[in-house]
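# Residue-level structure breakdown
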Amino acid sequence: MDLEGKCCLIHTVGGIIFGYFANYVYTSGLGIFSGITTLIFLFIGSVIFGHISAKLFGEESLTQKQWLGCGVLPFFLVAIVVWVLKFNGLI
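Analysis parameters
Residues numbered from 1 in each chain as written. Predicted model: local features only at pLDDT ≥ 70, side-chain atom pairs only at ≥ 80, totals over all residues. Heavy atoms only, no water. UniProt positions renumbered as here; feature names shortened; annotations may be inferred. Helix = DSSP H or I, 4+ residues; strand = E, 2+ residues; numbered from the N terminus. Buried < 20%, exposed > 50% of the residue type's maximum accessible area, 1.4 Å probe, protein only. Contact = heavy atoms within 4.5 Å. Core = buried A, V, L, I, M, F, W, Y, C linked by side-chain atoms within 4.5 Å. Phe/Tyr/Trp six-rings, centres within 6.5 Å; stacked < 30°, edge-to-face > 60°.

### A closer look at the UniProt feature "transmembrane region" (unreviewed entry) in the chain
Per the UniProt entry, the sites bearing "transmembrane region" (unreviewed entry) are residues 7–26, 32–54 and 66–85 in this numbering. For residues 7–26, the helix share is 100%, the strand share is 0%, and the end-to-end C-alpha distance is 27 Å. The span residues 32–54 carries 91% helix and 0% strand; its end-to-end C-alpha distance comes to 35 Å.

### What about the environment of Ser46?
Along the chain, the position of Ser46 falls in helix H2 (residues 34–57). With a relative accessible area of 2%, Ser46 lands in the buried category. Between the C-alpha atoms of Ser46 and Val72, which are 26 residues apart in sequence, the distance is 6.3 Å. With residues up to four places along the chain from it excluded, the contact list for Ser46 reads His11, Trp67, Phe75 and Phe76.

### Details of the nonpolar core
Residues Ile10, Phe18, Ala22, Leu42, Phe49, Phe75, Ala79 and Trp83 constitute the largest nonpolar core, which totals eight residues. Elements that contribute at least two residues to this core include exactly helix H1 (3–26), H2 and helix H3 (64–87). Those residues within four positions of Ile10 in sequence are excluded, and the remaining contacts are Phe49, Leu56 and Phe57.

### Re the packing of aromatic side chains
As enumerated under the stated definition, the model contains 10 aromatic pairs in all. Between the aromatic rings of Phe18 and Phe49, the centroid separation amounts to 5.9 Å while the plane-to-plane angle is 85 degrees, which identifies the pairing as edge-to-face. In this pair, Phe18 is assigned in helix H1 and Phe49 in helix H2, connecting sequence segments 31 residues apart. Comparing Phe18 with Phe49 shows no difference in burial state: the two are buried. Consider the rings of Phe21 and Tyr24, whose centres lie 6.4 Å apart with planes at 45 degrees: the pair is tilted. Here Phe21 and its partner Tyr24 are both found in helix H1, three residues apart, which amounts to about one turn of the helix. For Phe21, a relative accessible area of 42% gives the class partly exposed. Owing to a relative accessible area of 41%, Tyr24 belongs among the partly exposed residues under this scheme.

Have a look at this one:
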């Protein structure tokens with residue numbers, strides 16, 4: 001598997017984890033700020049997994065454009081899907 005595929009796999013797993021816990025952040029009772037805090041929570045999660053992939057593969061291994069395409073995009077797509085499924089009680 002190439003480097004971009006490994007980065008995508010790491011961020012997908014991170015999206016599953018943070019998407020599951022995003023439901024608890026959303027339903028924590030913050031009122032109108034619950035959506036904003038959930039998106040901030042997911043942004044922090046993408047940064048954390050970005051640093052994890054940078055430490056695993058080296059900081060110069062991926063350009064910023066590659067990291068946005070194979071890291072951030074799969075993270076947010078998977079996290080939003082898992083969050084919605086958890087919110088609706090399907091998982």
